[in-house]
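Here is what each chain is made of, one letter per residue.
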Amino acid sequence: MQAMSPTEPGAQTMTLSVGPQHSGSGHMRLIVELDGDIIVSAMPDPGYVHRGIEKIIELRNIIRSIPVIERPSIIDASNLNHAWVKAIEELQGVEPPARGQYLRCLINEMNRIMSHLYWLSIYGVFLGHTTMFMWPLGDRELFIDLAESLTGARITYSYLVPGGVRRDLPKGFAEEAIKRTKYFEKRLDEYENIFFKNPLFTSRAKGIGILTRERAIALGSTGPTLRGSGIDRDLRKDEPYAAYGELDFKVHTRPGGDSYSRAMVHMDEMRESSQLIRQILEKLPSGPVRRKAPIVVPRGETYARVESARGECSFYMIGEGGDKPYRARYITGSYRNLAAIPEVLKGVRLADMPTSWWSIDYWPVEADR
Amino acid sequence: MSLAHEREDSLVKTLKESFPSDIKEATVVRRSRINLVVAPDKIADIAVFLRDKLGYDHPSGVSAVDYNREGRFEIVYHLSSIKTRDQQDIVINLKESVPRNSPKAVSLVSVWPGVENYERESIEMFGIQFEGHPRPEKLFLNDNWDGPPPMRKEVRFPTD
């Protein structure tokens, strides 16, 4: 990234460096060129939380890599974990038992809600809306507790392993989960009243930070960012994996392509995931949760992908028969959506910058890996 | 079952017929996955064909792989389609190989603007040059990084 250039005498624009100290969540920098308070161009400068995970996972066996895989997005750990075990299972030809598949979907949907809640709370911070900062973080605990009782850990579970999941449901989990999701959906109504219908939010989100349908496609956007531009794509439906083919749910889109549309997609998805959790518990088949899978990556290659909270998370994995992959290319939703940041910020007022770029739900750590 | 691969087979057939000498290999790996190995000097033409004629308008990523024992890098473009609804699940892996001692490839940013960041990452992590790339600068690494491209196979961790 080029060095910062100060404003030159007679120049029409000014360059501003935003970050790298937590401009949102996780360290990254935006280099913003301003004409008055209008953003002429914005260039993201990622890499402040780059850990070289693609290198690390080439050097460790596939089980020891699981906690590393989760680290880029600890608030969405199980979805990333799912992409990893899915790639391994595709190469091994191992199919987890049905109950294991359902439990994977269960923890995935809980993670989707937790991740969206975390995103929403930071959206609240960016708008100076303290209630919207506190409420989602508080309600996130509903699911953190459930996840803890299921996996033993609050956020980074390493719950999915090749062949299935580590543990079965604890006693009384279903009753508690049903109670909590019902309560949560009532809370979502309150969120709508206090935040999503509030002019404080709508006036700074409607019609601002536009990502058109055409640009969203060309830039390879994914997840809620893509669906917020009116494109009906969700891997849970498009290429059903685990138990998603047997579950009944809707893919939510909004046509606007603005910050408001992207925010509302998140809101709709939380509601959908909440009912999915109940549905999974109702349809949950009996039987084992795990099948024996060897600690080996057979020779071959695969491109495995799942729908994480921030969009498509994929592994392009090449195996040569050892206990570690020869190469495991790790592309996450945030990395995909990095390209959309300059697009949504162009022409936006500086004061609207935080809300516009955060509507993409860009998680710097997940993008850097 | 061959019936299950109808769409994939027809895609492969179209591609082979349109570029009989430039496509070295076109295979259906499994349902929803197609591998396409092409000549590096013709990749741009094939990319435009994939985007405009077959509707593969949505880039999902670019992977570089270091096959050091074979003395080559492989660059893989992962492509999906928004335009064609009934091919929502298909991913085409468009591959080219460049020699390890002079790794030069053509940038496909002009075809799929979304591959810009992935190509930039391949530049810094593998030392591959992409001709025509609009911003061949560091993406994740520090500007003052003077070590070897870290994702190359010969670069090891001190603890490894």
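Going by the structure above, here's the rest.
Residues numbered from 1 in each chain as written. Chains lettered and ligands numbered in written order. Predicted model: local features only at pLDDT ≥ 70, side-chain atom pairs only at ≥ 80, totals over all residues.

### Looking at the overall build of chain B
Moving on, step 1. A count of helical and extended segments in chain B gives 3 helices and 7 strands.
Moving on, step 2. Each helix and strand of chain B, placed in order from N terminus to C terminus, yields the pattern α-β-β-α-β-β-β-β-α-β.
Moving on, step 3. Taken over the C-alpha trace, chain B has a radius of gyration of 17 Å; the compact-globule value for 160 residues is 15 Å, and the two agree within 12%.
Moving on, step 4. The C-alpha extent of chain B, read off along each of the three principal axes, is 50 × 30 × 30 Å. (Helix = DSSP H or I, 4+ residues; strand = E, 2+ residues; numbered from the N terminus. Rg over C-alpha atoms; globule rule 2.2 N^0.38 Å.)

### Looking at the environment of A:Ala339
Moving on, step 1. Among the structural elements, A:Ala339 can be located in the loop between α12 (333–337) and α13 (340–345).
Moving on, step 2. Judged by the 22 C-beta atoms lying within 10 Å of it, A:Ala339 falls in the buried class.
Moving on, step 3. A sequence separation of 206 residues divides A:Ala339 from A:Phe133, and the C-alpha atoms of the two residues are 27 Å apart.
Moving on, step 4. With residues up to four places along the chain from it excluded, the contact list for A:Ala339 reads A:Leu219, A:Gly220, B:Gly114, B:Glu116 and B:Asn117. (Buried ≥ 20, exposed ≤ 12 C-beta atoms within 10 Å, placed from the backbone. Contact = placed C-beta atoms within 7 Å.)

### Here we look at helix α4 (residues 98–126) of chain A
All names here are of chain A.
Moving on, step 1. In a regular helix each residue adds 1.5 Å, so 29 residues correspond to 42 Å; α4 covers 42 Å between its end C-alpha atoms and thus fits that length.
Moving on, step 2. For α4, the buried fraction is high: 25 of the 29 residues fall into the buried class.
Moving on, step 3. Remark: Gly128 follows α4 within two positions and exhibits a positive phi of approximately 70°. (Expected span 1.5 Å × (residues − 1).)

### Remarks on the environment of A:Asp168
Moving on, step 1. The topology assignment puts A:Asp168 in the loop between β5 (164–165) and α6 (173–196).
Moving on, step 2. Taking C-alpha positions, A:Asp168 is 8.0 Å from A:Leu103, a pair spaced 65 residues apart along the chain.

### A word on unusual backbone geometry
Residues and elements named next belong to chain A.
Moving on, step 1. A positive phi angle is found at Ala242, which is not glycine, with a value near 45°.
Moving on, step 2. Along the chain, Ala242 falls in the loop between α10 (235–238) and α11 (259–283).
Moving on, step 3. Looking at Ala242, the number of C-beta atoms within 10 Å reads 22, which means it is buried.
Moving on, step 4. Even without glycine at this site, Asp361 takes up a positive phi of about 60°.
Moving on, step 5. Within the secondary structure, Asp361 is located in the loop between α14 (353–358) and α15 (364–368).
Moving on, step 6. The exposure class of Asp361 is buried, given the 30 C-beta atoms found within 10 Å.

### Concerning the sheet that holds strand β7 (residues 311–319) of chain A
Residue and element names in this part refer to chain A.
Moving on, step 1. One open sheet accounts for 3 strands, arranged β6-β7-β8; its pairing is antiparallel. If you trace the sheet from one side to the other, it starts and ends with β6 (300–308) and β8 (327–331), each paired once. Here the strands of the sheet are splayed against their neighbours by 10° on average, with no regard to which way each runs.
Moving on, step 2. Of the strand pairs in this sheet, β7 and β8 are connected by 5 bridges, and their pairing is antiparallel. Within β8, the residue paired with Ile318 across the bridge is Arg327. (Pairing = 2+ DSSP bridges. Axes fitted to C-alpha atoms, helices over the stretch in contact; angles between N-to-C directions.)

### So, the interface of chain A and chain B
Moving on, step 1. Facing 27 residues of chain A, the contacting portion of chain B comprises 31 residues.
Moving on, step 2. Of all the elements in the fold, those that place two or more residues in the side of chain A that touches chain B are α1 (53–56), α8 (213–218), β7 and β8 of chain A.
Moving on, step 3. The biggest single contributor to the side of chain A that touches chain B is β7(A), with 4 residues.
Moving on, step 4. When its residues are assigned to classes, the side of chain A that touches chain B shows 13 nonpolar, 5 polar and 9 charged. (Nonpolar A, V, L, I, M, F, W, Y, C, P; charged D, E, K, R; others polar.)

### Focus on the environment of A:Gly172
Residue and element names in this part refer to chain A.
Moving on, step 1. The topology assignment puts Gly172 in the loop between β5 and α6.
Moving on, step 2. Classification of Gly172 as exposed rests on a count of 9 C-beta atoms within 10 Å.
Moving on, step 3. On a C-alpha basis, the gap between Gly172 and Ser149 in space is 10.0 Å, while along the polypeptide they are 23 residues apart.

### Concerning the sheet that holds strand β1 (residues 23–30) of chain B
All names here are of chain B.
Moving on, step 1. The mixed open sheet is built from 5 strands, whose spatial order is β1-β2-β5-β4-β3. At either end of the open sheet lies a strand with only one pairing partner, and these are β1 and β3 (58–67). Averaged over neighbouring strand pairs, the angle between their axes works out to 20° when direction is ignored.
Moving on, step 2. Of the pairings in the sheet, the one linking strand β4 (residues 72–80) to strand β5 (residues 91–99) comprises 8 bridges and is antiparallel in character. Its bridge partner being in β5, Glu74 is matched across the sheet by Ser97.
Moving on, step 3. Sheet contacts for helix α2 (residues 43–52): β2 (33–38), β4 and β5; angle to β5, the most-contacted strand, approximately 170°.
Moving on, step 4. Across the sheet, helix α3 (residues 116–126) lies against β3 and β4, angled at about 15° from β3, the strand it touches most.

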